[in-house]
Every structure is written in C-alpha cells, then in structure tokens.
Amino acid sequence: MSPKEGGPVTEGVDSSGTAAISTHAVVKMGREGDGANGSTAQASGAGTEMKAKRPTFGKGPGLSVTRFFTKPGVDPFDTVEWETRTARISGERGEVVFEQPDVEVPVTWSQLATNVVASKYFRGPLGSPSRERSVRQLIGRVVDTIQRWGDECGYFATPEDRDAFGDELKYLLVHQCVSFNSPVWFNIGIEKKPQASACFIVSVKDTMQSILELAKTEGMIFKFGSGSGTNLSTLRSSKEDLSGGGKASGPVSFMRGFDSFAGVIKSGGKTRRAAKMVILNIDHPDIEEFIECKEREERKAWALIEAGYDPGFNVPGGAYDSVMFQNANHSVRVTDDFMQAVVDDLPWHTRAVTDGHPMQEYRARDLFHRMAQAAWVCGDPGIQYHDTTNHWHTCANTAPIRASNPCSEYVFLDDSACNLASLNLMKFRDEHGDFDIERFRAAVRVTITAQEIFVDNASYPTEAIAQNSYDYRPLGLGYANLGALLMARGIPYDDDRGRAYAAVITAIMTGEAYRQSGVIAEKCGGPFPGFAKNAEPCLRVMKQHRAAVEDINSALCPEGMVDAARTIWDDVVHACSTVGLRNAQTTVLAPTGTIGFMMDCDTTGVEPDIALVKYKSLVGGGLMKIVNQTVPEALRTLGYEEDAVQDILDHIDKNDTIEDAPRLREEHLPVFDCAFRPLNGTRSIAPMGHIRMMAAVQPFLSGAISKTVNVPNDATVEDIQDLYMEGWRLGLKALAIYRDGCKRTQPLSTGKPGETAGQASRPVRRRLPAERQSLTHKFSVGGHEGYITVGLFEDGTPGEIFITMSKEGSVISGLMDCFATSISLALQYGVPLKTLVEKFSHTRFEPSGYTGNKEIPFAKSIMDYLFRWLALRFLPNDLPTPSPSLEEVSAIGKQRDPEHKGSALIEQERRVFMTQADAPPCPDCGMIMVRNAACYRCTNCGLSYGCG
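Just so it is clear, the model here is predicted, and its values are computed rather than measured. (Residues numbered from 1 in each chain as written. Predicted model: local features only at pLDDT ≥ 70, side-chain atom pairs only at ≥ 80, totals over all residues. Heavy atoms only, no water.)

## Structural notes on the overall build of the chain
Link 1 in the chain: Broken down by element type, the chain carries 25 helices and 27 strands.
Link 2 in the chain: Burial status across the chain gives 61% buried among its 948 residues.
Link 3 in the chain: Sequence separation of 24 or more characterises 72% of the internal contacts of the chain that already satisfy a separation of 6 or more.
Link 4 in the chain: Carbon and sulfur atoms make up 50% of the accessible area of the chain, which totals about 35,400 Å². (Helix = DSSP H or I, 4+ residues; strand = E, 2+ residues; numbered from the N terminus. Buried < 20%, exposed > 50% of the residue type's maximum accessible area, 1.4 Å probe, protein only. Contact = heavy atoms within 4.5 Å. Areas by Shrake-Rupley, 256 points an atom, 1.4 Å probe, with all protein chains shown as cover.)

## Re the sheet that holds strand E27 (residues 944-945)
Link 1 in the chain: In spatial order, the strands read E25-E26-E27; together these 3 strands make up an open sheet with antiparallel pairing. Looking at strand neighbours, the two that pair on one side only are strand E25 (930-932) and E27, the edges of this open sheet.
Link 2 in the chain: Strand direction decides the pairing type here: strand E26 (residues 935-937) and E27, joined by 2 bridges, are antiparallel. Each residue of the ladder has a partner; that of Tyr936, found in E27, is Tyr945. (Pairing = 2+ DSSP bridges.)

## Section: helix H11 (residues 437-457)
Given 3.6 residues per turn, any residue in an α-helix points the same way as the ones three and four places further on.
Link 1 in the chain: The first and last C-alpha atoms of H11 sit 31 Å apart over 21 residues, in line with the 30 Å expected at 1.5 Å per residue.
Link 2 in the chain: For H11, the tally of buried residues reaches 19 of 21 residues, placing the bulk of the element in the interior.
Link 3 in the chain: Capping the start of H11 is the job of one residue whose side-chain oxygen sits 3.4 Å from the backbone nitrogen of Glu438: Asp436. (Expected span 1.5 Å × (residues − 1). Polar contact = N/O pair within 3.5 Å; in protein donor to acceptor, adjacent residues only side chain to side chain.)

## Overview of empty space enclosed by the protein
Link 1 in the chain: Using the criterion set out here, one finds 6 cavities of 30 Å³ or more in the structure.
Link 2 in the chain: Roughly 280 Å³ of internal volume is contained in the largest cavity.
Link 3 in the chain: Contributing to the lining of the largest cavity are 22 residues, with Thr604, Glu607, Pro608, Ile610 and Arg931 lying nearest its centre.
Link 4 in the chain: In terms of residues, the lining of the largest cavity owes the most to one element, E25, which gives 3 residues. (1 Å grid on protein atoms, 1.4 Å probe; cavity = no way out; pocket = protein on both sides within 12 Å on 5 of 7 lines; lining within 4 Å. Points joined across faces, edges and corners; volume = space filled by probe spheres on them.)

## Comments concerning the environment of Asp206
Link 1 in the chain: Along the chain, Asp206 falls in the loop between strand E4 (199-201) and helix H5 (208-223).
Link 2 in the chain: Here Arg236 takes part through its side chain, which lies 2.6 Å from a polar atom of the side chain of Asp206.

## Examining the packing of helix H9 (residues 364-378) against helix H21 (residues 717-729)
Link 1 in the chain: Running from N to C, H9 and H21 point in directions that differ by 115°, and their axes come no closer than 8 Å. In terms of orientation, H9 and H21 fall into the roughly perpendicular class. Between H9 and H21 lies a crossing whose hand is right-handed. On H21, the residues that touch Phe368, His369, Ala372, Gln373, Ala375 and Trp376 of H9 are Val717, Glu718, Ile720, Gln721, Tyr724 and Met725.
Link 2 in the chain: Partitioned by chemical class, the residues of the contact of H9 with H21 number 8 nonpolar, 3 polar and 1 charged. (Axes fitted to C-alpha atoms, helices over the stretch in contact; angles between N-to-C directions. Parallel < 35°, antiparallel > 145°, perpendicular 65-115°, else oblique. Left-handed = near helix turned anticlockwise from the far one by under 90°. Nonpolar A, V, L, I, M, F, W, Y, C, P; charged D, E, K, R; others polar.)

## Considering the packing of helix H7 (residues 287-306) against H9
Link 1 in the chain: Closest axis-to-axis distance for the H7/H9 pair is 9 Å, and the angle between their directions is 25°. Viewed along their axes, H7 and H9 adopt a mutual orientation that is roughly parallel. Between H7 and H9 lies a crossing of left-handed hand. Residues Ile287, Ile291, Glu292, Lys294, Glu295, Glu298, Arg299 and Trp302 of H7 form the contact with H9, whose own contacting residues are Leu367, Arg370, Met371, Gln373, Ala374, Val377 and Cys378.
Link 2 in the chain: By residue class, the composition of the contact of H7 with H9 is 8 nonpolar, 1 polar and 6 charged.

## A look at the packing of aromatic side chains
Link 1 in the chain: Counted under the stated rule, the structure contains 25 aromatic pairs.
Link 2 in the chain: Between Phe68 and Phe69, the ring centres sit 5.1 Å apart and the planes meet at 65°, which makes this aromatic pair edge-to-face.
Link 3 in the chain: Relative accessible area serves as the criterion here: at 40%, Phe68 is assigned to the partly exposed category.
Link 4 in the chain: On the basis of an interplanar angle of 65° and a centroid distance of 5.0 Å, the ring pair of Phe435 and Phe440 is categorised as edge-to-face. Each member of the pair, Phe435 together with Phe440, is buried.
Link 5 in the chain: Through a chain of ring-to-ring contacts, the aromatic side chains of Tyr121, Phe180, Trp185, Phe186 and Phe454 assemble into a single cluster.
Link 6 in the chain: The lysine or arginine in question, Arg665, covers the ring of Tyr640, its NZ or CZ lying 4.7 Å from the ring centre.
Link 7 in the chain: Above the plane of the ring of Phe793 lies Arg766, whose end atom (NZ or CZ) is 3.9 Å from the centre. (Phe/Tyr/Trp six-rings, centres within 6.5 Å; stacked < 30°, edge-to-face > 60°. Lys NZ or Arg CZ within 6 Å of the ring centre and 35° of its normal.)

## Topic: the sheet that holds strand E20 (residues 784-792)
Link 1 in the chain: The strand order across the open sheet built from 3 strands is E19-E20-E21, with neighbouring strands paired in antiparallel fashion. Among the strands making up the open sheet, the edge pair consists of strand E19 (774-781) and strand E21 (798-805). Direction aside, the axes of adjacent strands within the sheet are offset by 20° on average.
Link 2 in the chain: Looking at chain direction, E19 and E20 are connected through 8 bridges and run antiparallel. Residue pairing in the sheet places Val781 in a bridge with His784 of E20.

## Brief notes about the side chain of Ser706
Link 1 in the chain: Positionally, Ser706 belongs in the loop between helix H20 (687-697) and strand E17 (708-711).
Link 2 in the chain: Only 3.3 Å separates the side chain of Ser706 from the backbone oxygen of Cys407, close enough to count as a polar contact.

## Quick word on a negative patch on the surface
Link 1 in the chain: Taken together, the side chains of Asp714, Glu718, Asp719 and Asp722 make up a negatively charged region of the molecular surface.
Link 2 in the chain: In this structure Asp722 comes out as partly exposed when scored by relative accessible area, which is 46%. (Patch = residues over 30% accessible without salt bridge, like charges linked within 9 Å, V, L, I, M, F, W, Y side chains within 5 Å. Salt bridge = Lys/Arg side-chain N within 4 Å of Asp/Glu carboxyl O. Lys, Arg positive; Asp, Glu negative; His and termini not counted. Charge placed at Lys NZ, Arg CZ, Asp CG, Glu CD.)

## Brief notes about the pairing of E20
Link 1 in the chain: Connecting E19 to the antiparallel partner E20 that follows it, the hairpin turn spans 2 residues, and Gly782 within it adopts a positive phi of roughly 60°.
Link 2 in the chain: Connecting E20 to the antiparallel partner E21 that follows it, the hairpin turn spans 5 residues, and Gly796 within it adopts a positive phi of roughly 85°.

## Details of the side chain of Ser110
Link 1 in the chain: Tracing the backbone shows Ser110 in the loop between strand E2 (96-106) and helix H1 (111-121).
Link 2 in the chain: The class of Ser110 is buried, set by a relative accessible area of 15%.
Link 3 in the chain: Among the polar contacts made by the side chain of Ser110, one reaches the main-chain amide nitrogen of Ala113 at a distance of 3.0 Å.

## Considering helix H23 (residues 833-840)
Link 1 in the chain: Among all positions of H23, only Leu833, Leu836 and Val837 are buried. All buried residues of H23 lie within an arc of 100° about the axis, which places them on one face of the element.
Link 2 in the chain: At the C-terminal side of H23, His842 shows a positive phi close to 70°. (Arc of directions from axis to C-beta.)

## Re the pattern of salt bridges
Link 1 in the chain: Evaluation of the coordinates by the stated rule reveals 51 salt bridges.
Link 2 in the chain: The shortest N-O distance in the salt bridge between Glu83 and Arg85 comes to 2.6 Å.
Link 3 in the chain: Taking the relative accessible area as the measure of exposure, Arg85 reaches 13% and is therefore buried.
Link 4 in the chain: Asp151 serves as the salt-bridge partner of Arg162, at 3.3 Å between the closest nitrogen and oxygen. Residue Arg162 is found in helix H3 (residues 159-174), and its partner Asp151 is found in helix H2 (residues 135-152); the two are separated by 11 residues along the sequence.
Link 5 in the chain: Judged by relative accessible area, Arg162 falls into the partly exposed class, the value being 23%.
Link 6 in the chain: Relative accessible area serves as the criterion here: at 39%, Asp151 is assigned to the partly exposed category.

Here it is, written out as structure tokens:
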C-alpha cells in the first residue's frame, strides 16, 4: 500500500499486472494550482481537451456469417404469428397512465411485454401517425441500423453475409432469445449519433473544474437513460490543507451536491431514471465519514417519520425526500491487505490523498464492523474487492480498475462505457428440455458482433470515454432466466448441481464471446488498439478463465457441456496469443430490468425465482393470482403424474407456498426454494446460497455480477460481516447486502402536537357526540346475511361499528358483537382505519363465498368483506384496491365475460412481493417497485432504475 510519489495513472501496477490501490497516484494528473475547493486550476476535467479518434484497423476479408436460425429469402418476422392488441398501463388507483391501441406484437408475447415495449421503446408522439405501432418497426429500426453500420465499417465478407447477420439478429430478437440494453431501443435508428451504452465509469480529478465537469457529464448520462459510477478517492480529504489556506471540503461534502443534482434529473429525459454509484477507497482519510454518511441520513429519516412526515419514498416533502444520499449506491473499495488485517486483527492506516503519508490509525476490524453496521441499518455501503477485480483485469498495463457502474457488474477503466445485452436462457432448450449448446453459441456470436458494431457508431458524453471505448471496446453480454432454467430442470438453486450448471453455461457464453472477438480481430482488421500494450495481462486472464473450467465438476453437468467449454477456451487462448482479441471485455451479469420484461423472463440476471406466485391484472382493475408457470414443468421433470401436479398447484394457490403440499416428496422441496420466504412457509434460499452461486459463475465473467444478497430482518451485524468476508474468500468482485425491512416506511409512533421528546405519551379516547350520523349496510357472505352500522365522528370519519347477524344468539353473532366493540375502541383511541383494513382484509375462514355486491363479488370471510367495504366507503383515495382471489376473479369474469373467454380478461403480468416494503413508487404509474439487484424495477409498467 505504500504510494509511489508523483506516480501517473499507470503506476501502482505490480509485475503480475495486478494494480495496487492508491488514492493519491491518480490525483496528480492535472492538479496544477491545487483545486478541489475553489482553486483556479485549468484541468481537462473529464478529458474534454482531447479529440477522440476512431482506430484505423487494417482491412480484412470480413466475417462469414453462417445461418443457424434462418433461411435465405424467408423474413424472420414471418416465422411468428402476429396480432394487434391495446397496450394499456393502469396506475395505482386504476387510472390509465398509458394507452396505445392497435399495437402489433407476436402472439406468443405476453401482455406485459406488449405494454413495456409500447410504452418504453416505441418512438414518436403518442397518438400521431408517425409513432411506431409494431414490434416489427421497433426491431426493424434497430437491426437495419446495425446492419447498415456493419456494412459501412467492413464487417461482412459479402452482401449475403450482411443479410444473414441481419436475419439472424431479427430472429433472436423477435423470438425473445436476446435483448439489448434500453438505450439501444431508445436511441438507435432515432438519433444521428445515438448513445447505446447503459453503463459508464467516469473519473474525477482534484480540481473544482473537474468536479463540476463530473456533474455535467453525469447529467447527460442520466438524460439518455443510462447510469454512471465514480471513485471519489482522487478528491483530497476534509483533513487535508488547500494550497491557498484552509481545509478541503472532502468527497462526502461534494457527494451532497452530486446527490441533489441526480435527484433533479431523475424524472427528466427518457422514460426511466438511471442510477448512480459513488465509491471510496478503504485507505482514504474520509473513509469513516463515507461509511457512516448514509446511515446517519437514514436515522434522520426515522426521526422525521416519528415526527409525522410521510414515510414513503419519492414523496415531495416526505421523510426520505428530506434527507441526503438517496439517489446513489455507495461502495467501499477494499484491498487484500485490508481484509487480511481484519482477519489478523491488525491496525489500518489511511493515507493522505496529496502525498500518501499515513494519517489516522484504525483497528481494521472496527472499520469492517462499521461497514457492516451501516449496511445493517440502510443497505449501504456495499463492498468492492479491489485486488480480486484487478487479478482478472485484461488491461492492467494501462491503469488499474478503480470503479464500477451503478449496479457493480461493469468494472473496467475510468472514463469508459459498456453496452449490454442479455440472452434468455429458457429459449435455448431443445424439445426434451436439455440445453442446446450449439444454438446458444450461435446466438452469442450474433449478439457479440452486433455489440461490437455499436462501439464505433455510438456517441459518448465525453471525449475521454469515446477514446477509451474506441481503444478498448468493452462489451457486456450476459443472460437472464437462470433461476427459471434451474427450476424447470428440477435442479435446486442452492445446490452443487445448480452451481455447476450455471458455471458451465457462463463459461460457454464468455468463451464463445471471446472466441468470436478473436474471429472479428482476425477478419475485420486486428485487435483493440490497447491490446499490444496489454498482451501479457490479457493472455494471462484468458488462461485463468481456461484453468477455471477444470474446477467445474463435470459429473454434475449434462454430458458434453464441460468438454465444449474446454474446447472453446482453448480456441480463445490460441486466438489471444496469435491474432489478439477485438474486445478487452465481453461479458457481465446485469440485472436485466426492463429488457427482462421484454423477453418475458421469469427471473432476472443470476437471480433465483423470487416467489412461487405471480399476479395477472384484470381489465378494469384487480389482480388474479396464478402459480409460477415454471413450477408445473419442474414437477413433470421430477417425474410427477398430472394428477399429482394439479394437487400440488392447488395447494400453492390456496396457501401461497409449496410446503406441506400433498404428494410432494420432501427431497424435492429445495428445487422450489426462492429468494423470499412465503408468508405461510418457512423455506427460502439462505444468504450464503446466493453468494455461493455468485462465486460459481464469477471466474467465467469479464466483469462482475449485479446482485443484492437479501438477508432476513433478524440478521445481525456479525452475519453481514461474515457475508462480506466470505465474498472475499470466494473470489467475488463486488457484493451488496440488503436486510429485509430495514427501511422504516411506516410511522413508528404518533403523539399529540406539543409533546416534548422523551416524554411518554398516553393514548386518549376520542368520544363520539351523543347524536351522531351513521351509515347502515346490508351484506351477505356465502348465504350468511347481516348488517353493519358505522357511527361517524363530526368530521365524517368512522368512530364505531355495530355488526348484526341474522341468526341471533349464534356463535357468529356473539363473536361479531365483541369484535365490533374492540374495533370501535381502536378507532376511538386513534388506530387508523387504513391500518385496520390492511390487517383484516383477506383473512380467510368460513363462512366465505359470493356476496352479490358487484364491488366485492367474493369474500374470503365476513371480516374480509366488512373491511374491504369500509375501505371502499371511507378510504376511496387512500388505499389501493386489494387483489382478488381466484374465486373472486371467477365472479368478476362471469360479470364481464359471460362467454368465459378468460384470455380476454388478462391485461398485464406483474409480481407483488410484500417483502419489498422499502421500494419506491414508480414515477411513471405509481405502483410500488421491487428490488432488482442493487436497483428497482416496476412490475406493472416495466420502468427500471439501473441497467437493462
């Protein structure tokens, strides 16, 4: 860790090509005049003084493209059946937030995919003749542009090869086998020089000009639907002097400005908000302040909630809207030296940014504990393993890897960009459900070629990013639906078989991507311009990937898969050592947010299934619960007969869990374990199971993995420390932890105005006037009739209820009388009606059944009916409509669809997860979003915060 005085950005690289971390080595660039806090230094900022130049590759013969999916003369669009639909997205209260009629889509695409593509990706003013209305137009716009660019840049040997490439790519896209990241769909074929990358890493120097330039650069990145990450360790600490006198502000101070700026832009530009990452090295003098800053703000939000501020996210003037650092992910970058100091209980020194001299001394374990403590409170900071990342760095002779994109999957040089694409693994199975290696490899070749073509034809927010994109050409191919694929094959996610299967698929993907990169280098004019300088580390990393294949247990994989991986990686090593590679990086595992909906993926990225229950929205509002469609396929794969499959599905539908299902063998339960424990069950994938899966696939990725490891609410700080430590030991590049329920999105307590802090408050009963207005309602649930009378306070809110059942003297009548009294007292002592409605709606017990009330056609119990009726009468604008059961959907269907055309009722697919109480509302439609790796996505309209 000893710094090298005056070292440029390329210093700090050891003989093996692995970069050692140094907070001050990079900051020397352009510091003349000393500037992070008001100096007049003239610096290049993000590199705007340079003029980016595209590489002039030598001419080659071009690529020969073999058709694998298509036939000459057959339009790929003719290989699917088409239909027209209305794309419609409803908001939280049923209002229509987007609608486009006569949208043409393949019949096999879900309504959710239709809604997402039409609302997010179709270009042109809504309602105008110029607006796109067909998936043909969307895919055609993008593919035709890529094909033209490739032809102009000399990528194809013949016109026939050009046409074959375009047809193959169209086929893969229209059949939902692959999708590019959102900026491609937003911008390509629309903008003259489109931004095609979702991921950016931006540098900053220790000058005021560079700091302000960073804010501008990030703003432009956000505007075009992408995200960025920056390591702020180049900024001198608040404990260091300025040359003109006084102390520097420090990176955390400037983070406040960056955070506010990101918050302003979050709703502007394109139809989604991108994400932001800030990183600080473990040896930076302000590391303790950085670790604690988001936790402190979280505790401020708690205090505001206790004082009565709205606890929701993105609520103007609410608790979380009033505190800082809510628009970025935070990560601490740690070294092997630091982690070993934690293991050995040794001291740790921070170092001055300006000259590298030692500053504060900490106990390493204390810093590590503070990181875990802060993550326990609010989920931040995450951790990035610097030395592991640089051990796999193909361009270590240029500069170390110091940062990542917002979701931590793209890790590469500062001032660089990466365009992403994801393959849908469920689309690469043969008729027997086995993984089709050759089909998968062919798709990788086509996709990586398309991504390579983007590089020289896209625009970039700064000249420095443009130049590094031209010189190093990093790409980010990944996949989605791993969790669904494993379940469909009857393989548990947290199992050696699941990890081996995932590892070999990842090895084949990255190997084939680099293999094609070598072919492009050979046929299209040479390797990336920075290859010559980095030939040694690049070849070393390719050999590391090849060696890792031998660690896969071939006995746990389908026959031939490990052998195929070996052969592919042998070809890669040969290509790297002879002609070189066209791309410094080829693969990452991104969260696949919006594009996962476009491909109708059940699971995202490397994630397992999040739950066994899905929901479908009905025309006019409401949700229909259905069992995850992967479950029946998995049961059949495991050998269950159809009657047993149906019994198990009925059990899941009734109980929202597969546990205790009839005829299910106990040894098969792990196959159906998901990320979250069901409300009526006890099983879920343990946090370490997620980390072990990440460790299995990490050796076969150029970049890293976007994934948040969810831990239960009762996890301890020590549990999080253990996960951070195990992530380092297992060779991960980055890790983020989130403790379920740690965000306080509900009021913790209420008190009368004027009560002083620390003074215990007692509930005060609010009595109704002697004469009060009331409302009486007759109801019937499953043939049991009764009346509810609601007495009102002077302001018209409910203050008491009386329930009378037709059969006086019955047990039901007596219980109802006592229950009504307790609810009346609760209302008079200040319990919000909303809380009572949320608590008692959907309670299930007999009697239940049809009600005759069109607003509530089916009730699971009398309590269910009464509280949903109260919500409709007294909370019309405050409470989302509760989701109906399958029985209620049937009743709704009979009213709206007398001919029982069930498909006509299904409007859009979405998942609802009660464990995501911390997620913000979608800025487009208002529905609550769900966590997606380190970001969020909306399961109603497809909006994504982050990559994909």
